[in-house]
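Spelled out, the chains give:
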Amino acid sequence: MRVLPRRASWAWRNWRRADDLPIPLSSTDVEDADRRFLLLGLLPLWVVPGLADWWMHRRTHIERTSGTRESAVHALMMTEAGVPVVMGLLARVNPLVLTVMGTAAAAHGATAVYDVSLAVGEREVRPIEQHIHSFLEVVPLTALAFTACLYPDQVRATLRGGRTADDWRLLPQKRPPACAR
């Protein structure tokens, strides 16, 4: 049986202690506030409209209406959103990561338009569901904007075409967020 060090064995009980957080809650630094918003605000906030969208689909019996096609489109949109999130959490933000984030956000928006056009022809789509979709469309763009604010030098490098070899490599973060450690 493996015995964990004292700190590790108690870490799960104190996972929300302020002194253990990688981003200090008391900090008023813009960079810290930006990181807190991305990790503790935007990502959890995405869950609420996601659940509301699921409820809307359940209410209209998606399994009998647009079924597999709309579900496949949703899986595609989750991939378009999930890949940049994972890259942003685990990889160094460089022109490659920013380009993937931007491309995925654009693709996600286009796929969302297709999703609604598919759904409208197959089932009732109420205005509230369209509003929920609008919110879900904006989240990837918001995450990209906040990430760009954290890495202005990498944004400039991206706009200049990324001239160094490391600009176009997927490199691990020096300090991944606590949730990835």
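The coordinates are above.
Note that the structure is predicted; figures quoted are calculated from it, not measured.

A. Main features of the overall build of the protein chain. The secondary structure content of the protein chain amounts to six helices and zero strands. Mapped from its N terminus to its C terminus, the protein chain presents α and β elements in the order α-α-α-α-α-α. Across the 181 residues of the protein chain, 34% fall into the buried class. Contacts spanning at least 24 positions in sequence make up 77% of the contacts within the protein chain whose residues lie at least 6 apart. As displayed, the protein chain has an accessible area near 11,700 Å², and 64% of this comes from carbon and sulfur atoms.

B. Inspection of the nonpolar core at higher detail. Trp46, Val93 and Val97 are the most contacted members of the largest nonpolar core, which totals 16 residues. Where this core is concerned, the elements lending two or more residues are helix 2 (30-59), helix 3 (67-90), helix 4 (95-122) and helix 5 (127-150).

C. Expanded view of the packing of helix 2 against helix 5. Where helix 2 contacts helix 5, the axes come no closer than 10 Å and their chain directions differ by 160°. The angle between the axes of helix 2 and helix 5 places the two elements in the roughly antiparallel class. In the crossing of helix 2 with helix 5, the sense of the turn from one axis to the other is left-handed. Each residue belonging to the contact of helix 2 with helix 5 can be placed in one class, and the counts come to 18 nonpolar, five polar and five charged.

What counts, and where the lines are drawn
- Residues numbered from 1 in each chain as written.
- Predicted model: local features only at pLDDT ≥ 70, side-chain atom pairs only at ≥ 80, totals over all residues.
- Heavy atoms only, no water.
- Helix = DSSP H or I, 4+ residues; strand = E, 2+ residues; numbered from the N terminus.
- Buried < 20%, exposed > 50% of the residue type's maximum accessible area, 1.4 Å probe, protein only.
- Contact = heavy atoms within 4.5 Å.
- Areas by Shrake-Rupley, 256 points an atom, 1.4 Å probe, with all protein chains shown as cover.
- Core = buried A, V, L, I, M, F, W, Y, C linked by side-chain atoms within 4.5 Å.
- Axes fitted to C-alpha atoms, helices over the stretch in contact; angles between N-to-C directions.
- Parallel < 35°, antiparallel > 145°, perpendicular 65-115°, else oblique.
- Left-handed = near helix turned anticlockwise from the far one by under 90°.
- Nonpolar A, V, L, I, M, F, W, Y, C, P; charged D, E, K, R; others polar.

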